[in-house]
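Coordinate inspection notes
Residue-level listing of the chains:
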Amino acid sequence: MERSFSPDRTLSQALSFSSYAQRMVAARPEYRATWEAAPEKRLDWDSAVTQPIAAALAAGDTDGLAATLRQVRQHVMLHTMARDLLGIANLDEVCGNMGRLATDALIAAATLHQAQLAETRGWPHGEASGEIQPFIIVGMGKLGGGELNVSSDVDLVFLYPEDGETDGSRALSNHEFFVRLGQRVIAALDEVTADGFVFRVDMRLRPYGNAAPLAVSFDALEHYLTAQGRMWERYAWLKAQQLTGSHHDELHQLIAPFVYRKYLDFDAYEGLRDVREQIRTQGKTRGYAHNIKLGSGGIRDIEFIAQALQIVRGGRLPALQLRGTRAALRALGERDLLTDSAVEELLTAYDFLRRVEHRLQYRDDLATQTLPEDEASRTALAHSMAFASPETFQKALDTHRQCVVHHFETLLGYGNEGLSSSTLAVQAHPASSGTGFSWDTQEAPDILRQTLAHHFTDPEAIANRILRMRESKRYTALPERSRQRFDVLTQQLIEITPATASKATGLKTANAADTLFLRLFTLLETISRRSAYLALLSEHPQALPRLARLFAASSWAADYLNRHPILLDELLAPQTLLAEPDWMVWRDELTQILNAHAGDTERQMDELRHFQHAQTFRLLAQDLTGQLTVERLADHLTALADLILEMTLTHCWRTLMSEDAPPPRFAIIGYGKLGSKEMSYGSDLDLVFLYEVGDDGDEAVARYARLAQRMNTWLTSTTAAGNLYSTDLRLRPDGSSGLLVSRWDAFVRYQREKAWTFEHQALTRARFIAGDNELGAAFMRERAALLQQPRDIEVLRRDVITMRERMLEEHPHSAALFDVKRDRGGMVDIEFIVQFFVLAHAHQFPTLTRNTGNVALLTSAATLGIITPAEADAAIQAYRLYRRQQHTAQLQDADSAAIDPALVANERSSVHALWGRLLMPKPS
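Remember, it's a predicted structure, so these values are computed and weren't measured experimentally.

Turning to the overall build of the protein chain, a few remarks are in order. Per the secondary structure count, the protein chain includes 40 helices and 14 strands. With the principal axes as the frame, the protein chain shows a C-alpha extent of 115 × 80 × 60 Å. The buried share of the protein chain, taken over its 924 residues, is 55%. Residue pairs at least 24 apart in sequence account for 74% of intrachain contacts in the protein chain once pairs closer than 6 positions are excluded. The protein chain carries 98 positive and 118 negative side-chain charges, and their two centres are separated by 3 Å.

Right under this line is the structure:
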């Protein structure tokens, strides 16, 4: 969006601001026309840049090209400056013009000089491939990010894919060829002639910096990044953009793993903090207070905010792998990693500071970001920014910089003066000082025991656990920084555990604090070898109390996080963690993630698991805070399984077929808890796979069998990211002895002619999940027709009772406690009652075939007069109570929900009575 023209700023006033512009117009009268035409429209790039450069290239004269590039730069600079100072051009136009000019100039210089060098030395060929090797220029910094200043250096790295040598009579190694070419390209842009320069060139970001050759091969770059690459270089390479040559994918695959780790990388914060402290230290000696780039609250701080969050999370969220600062800030806001207000404030500050920066550089065409000190220059700068006075300008500037400081220090967790890395974790947590002591003294074990005695029932057991860990090979092998973090976090656990345990409803034992501490310490041991997780808890002290409350509420939650510690990141954003699920948004997010890793099956399987674990954890957190009823939780867990199945089908099919292949005539049918939308944590998926054959006959059968097998592998395999779901495929026709996939017409025939009563019982809870919609609709119609078949009521009763007795035999329960799921009068009895009256009466009342869940069907049965309203209410109350009891048991990691039968005597009695009246009626 362009800035509106300001009538208060005239062309002559704009010209008077820039000494550089005055010199250009005085030296080249024709430039006055360029200046005066600027407000009318954007620069005509073709006539101003493309055509002059093309003519110089056609002439083949390097001196002529150098002169042309400098004259073109002057033209672009004057036109852009005039529109900017008049308030017409926005930041996109200004940076866009400069970045495009730099790219065009580099391409032109590389093209001409490579051709001329090859005339005398031959073309460089790869030793392995034999192919001609391209000269690859990588734009770094603001050039790479599409944010180039008007008088900026261009940060470059020169690369070539393979070593080898040229094919000329006076051959050179590829290395020497590209070093010489690089020298010529630098001179073409950087050398000051009578026409000035094009861009100053900075090559210090190449591997090994100024001490290294100008150009390196891909192998040399990869070796450097792997063996020598430092944290600050990850920030530098984040903005890297290839400007010339080929092999784009190969170079991206080389750089991306260095910049973006596969998992969350909270160590990046400490690296950023170190870089920032170096800049602040330099600032004290070099006077950065008035530097709007490097000074506190300056442009670099905004870039650091975006880059830090990108590096931490970009490996998991490819949508964050962006070069531009503003685009990155917007993407971070879209994913709730920055608040909307923070994004808006940072974007506004960035625009303001960059416009100030450009005006500082317009003055004399110098790469400066330092505010002037003399009154005349300060006044001129204020007026160029449309402020009435230097004081009002300074006030606005200070406001923006203070805002940036606030967001920067919030991200890195320190105050205005900053905290050192070694003290950050302790000082960031207000409770740490109460138990802090040095581990490096002989008295440390005794002090530890004394401290624990004030808080825990069995301090000796806890002390021994801590000391065993500190003496273990696992601990002693840790890097020193990780050991420091581990020790500080252990002290923080000692401090927060007793208070948290005393308020927890999930810990009702006398040694609640001991239990909670051991749950948390077990996690600390689990993550000790992953410095990023220790860094996460250290860098975000608010996460530890949240973690303690979660572990206090549920031992299952503790076990889940021990198995999936990557989920610790979810604790950092409670607004996201506790937000009502938006399944359309989650679907789009998962689609983007999987599409970003197309062709990488292992990565896609891992990403499915990461996604499922993260959403399950969010639901768990909402469950434990009381936001979700058991029924609502089941709805969400079922919707999550549906989404995973849909995506698994889509991407497994793509691995089997070409991109342009039509979608499969294949349907996933869900049974059991999945089918009835009553899933809980860890529920299996009861599945049946259906397909329909087209003209390809036997070939389709084999293809769909492979598809089903691949889907089952994707769903059930244990990968580095853990497990996804267990599946149960035994409800397919002929059970475990049947084919993994069922042809539609064969499935229909089986259900009509061979299916057992228990298979039709299962059908009452079945529904179409994903796949071909026509086939899914056909299944739902056939299901309704099957359930509506008239049945012999006595045969139906006998079959249902027989199946129930078989289940009791398979799961005997002789204990004095009552199993709310399997025992007589429990959940299974209620489910069988519902299945019975659906099969018995659906031919008369078709609405009973709707798969609306047991509670809704019990209500319908009462409305239809099959059971009384009192019977329905009693069964519903019992079913809901049993589900809550089962859910509570699962949260405490119990194998089953076994309770004192006296607690549910009335509910059991009601269920027994309804079972007896419907399934074992007395002769009339």
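A few words now on the environment of S16. Structurally, the position occupied by S16 is in helix α1 (residues 11-17). For S16, a relative accessible area of 48% gives the class partly exposed. For the pair formed by S16 and A784, sequence separation is 768 residues and the distance between their alpha carbons is 84 Å.

Time to look at the packing of aromatic side chains. Applying the stated criterion across every chain yields a total of 24 aromatic pairs. Between Y475 and F486, the ring centres sit 5.8 Å apart and the planes meet at 70 degrees, which makes this aromatic pair edge-to-face. Taken as a pair, Y475 in helix α21 (residues 473-476) and F486 in helix α22 (residues 480-503) lie far apart in primary sequence, 11 residues in all. Overall, F486 belongs to the buried group, its relative accessible area being 0%. A centroid spacing of 4.9 Å and a plane angle of 20 degrees characterise the contact between W556 and Y560, whose relative ring orientation is stacked. With W556 and Y560 both in helix α26 (residues 555-563) and 4 residues apart, the pair spans about one turn of that helix. Comparing W556 with Y560 shows no difference in burial state: the two are buried. Through a chain of ring-to-ring contacts, the aromatic side chains of F135, F158, Y160, F177 and F178 assemble into a single cluster. The ring of F17 is capped by R363, whose NZ or CZ atom sits 5.0 Å from the centre of that ring. Note that R703 overlies the ring of Y704, its terminal NZ or CZ placed 5.6 Å from the centroid.

Let's shift gears to a negative patch on the surface. Taken together, the side chains of E127, D163, E165, D219, E222 and E250 define an acidic patch exposed on the protein surface. The topology assignment puts E222 in helix α9 (residues 218-227).

Let us look at the packing of helix α25 (residues 543-553) against α26. Between α25 and α26, the shortest axis-to-axis distance is 5 Å and the interhelical angle comes to 125 degrees. In terms of their interaxial angle, α25 and α26 are classed as oblique. Mapping the contact onto sequence places L547, L550 and F551 in α25 and S555, A557, A558 and L561 in α26. Residues that form the contact of α25 with α26 fall into these classes: 6 nonpolar, 1 polar and no charged.

Attention now goes to helix α23 (residues 512-527). With 16 residues, α23 should reach 22 Å at 1.5 Å per residue; the first-to-last C-alpha distance of 23 Å fits that figure. With 12 of 16 residues buried, α23 lies mostly within the body of the structure. Lining the buried residues of α23 we find α20 (459-471), α21, α22, α24 (531-539), α25 and α26.

The subject of this paragraph is empty space enclosed by the protein. Under the defined criterion, the tally for this structure stands at 3 cavities of 30 Å³ or more. Taken as a whole, the largest cavity holds about 70 Å³ of empty space. In terms of lining residues, the largest cavity is bounded by S676, E678, T764, R765, E831, V834, Q835, N851, G853, N854 and L857. Of the residues forming the lining of the largest cavity, the biggest block, 3 residues, is contributed by helix α37 (residues 827-841). Its residues assigned to classes, the lining of the largest cavity shows 2 nonpolar, 6 polar and 3 charged.

Counted as a void, the largest pocket has a volume near 1700 Å³. Forming the boundary of the largest pocket are 50 residues, of which D686, D728, R765, M807 and K821 lie nearest the centre. The set of elements that each furnish at least two residues to the lining of the largest pocket consists of α30 (630-656), α31 (672-675), α34 (757-763), α36 (793-810), α37 and α39 (869-891). Take the lining of the largest pocket: its biggest share by element is 5 residues, from α39. Partitioning the lining of the largest pocket into residue classes produces 19 nonpolar, 12 polar and 19 charged.

This paragraph deals with the side chain of R465. Summarising the element assignment, R465 is placed in helix α20. Of note is the side chain of R465, whose polar atom sits 2.9 Å from the side chain of T522.

Sheet faces and side chains relate simply in a regular strand, where the side chains alternate between the two faces. With 6 of 6 residues buried, strand β8 (residues 666-671) is to be regarded as a mostly interior element. Examined bridge by bridge, β8 and strand β9 (residues 685-691) share 6 bridges and lie antiparallel to one another. Bridging across to β9, A667 finds its partner in L690. In the sheet, β8 pairs with strand β12 (residues 767-771) via 4 bridges, with the strands oriented antiparallel. Residue pairing for β12: A667 is matched across the bridge by G771.

What follows deals with the pattern of salt bridges. Scanning the entire structure with this criterion turns up 42 salt bridges. The salt bridge partner of D92 is R326, with a shortest N-O separation of 2.5 Å. Of this pair, D92 sits in helix α6 (residues 91-121) while R326 sits in helix α14 (residues 325-334), and the two are 234 residues apart along the sequence. Taking relative accessible area as the criterion, D92 reaches 46% and is therefore assigned partly exposed. Among the salt bridges present, the one from E580 reaches R632, with a minimum N-O distance of 2.9 Å. Remark: R632 occurs in helix α30 and E580 occurs in the loop between α27 (574-577) and α28 (583-596); sequence separation between them is 52 residues. By relative accessible area, R632 is classed as partly exposed at 37%. Taken together, the salt bridges that share partners define one network made up of K673, E678, R765, E831 and R883.

Cut-offs and rules
- Residues numbered from 1 in each chain as written.
- Predicted model: local features only at pLDDT ≥ 70, side-chain atom pairs only at ≥ 80, totals over all residues.
- Heavy atoms only, no water.
- Helix = DSSP H or I, 4+ residues; strand = E, 2+ residues; numbered from the N terminus.
- Buried < 20%, exposed > 50% of the residue type's maximum accessible area, 1.4 Å probe, protein only.
- Contact = heavy atoms within 4.5 Å.
- Lys, Arg positive; Asp, Glu negative; His and termini not counted.
- Charge placed at Lys NZ, Arg CZ, Asp CG, Glu CD.
- Phe/Tyr/Trp six-rings, centres within 6.5 Å; stacked < 30°, edge-to-face > 60°.
- Lys NZ or Arg CZ within 6 Å of the ring centre and 35° of its normal.
- Patch = residues over 30% accessible without salt bridge, like charges linked within 9 Å, V, L, I, M, F, W, Y side chains within 5 Å.
- Areas by Shrake-Rupley, 256 points an atom, 1.4 Å probe, with all protein chains shown as cover.
- Salt bridge = Lys/Arg side-chain N within 4 Å of Asp/Glu carboxyl O.
- Axes fitted to C-alpha atoms, helices over the stretch in contact; angles between N-to-C directions.
- Parallel < 35°, antiparallel > 145°, perpendicular 65-115°, else oblique.
- Nonpolar A, V, L, I, M, F, W, Y, C, P; charged D, E, K, R; others polar.
- Expected span 1.5 Å × (residues − 1).
- 1 Å grid on protein atoms, 1.4 Å probe; cavity = no way out; pocket = protein on both sides within 12 Å on 5 of 7 lines; lining within 4 Å.
- Points joined across faces, edges and corners; volume = space filled by probe spheres on them.
- Polar contact = N/O pair within 3.5 Å; in protein donor to acceptor, adjacent residues only side chain to side chain.
- Pairing = 2+ DSSP bridges.

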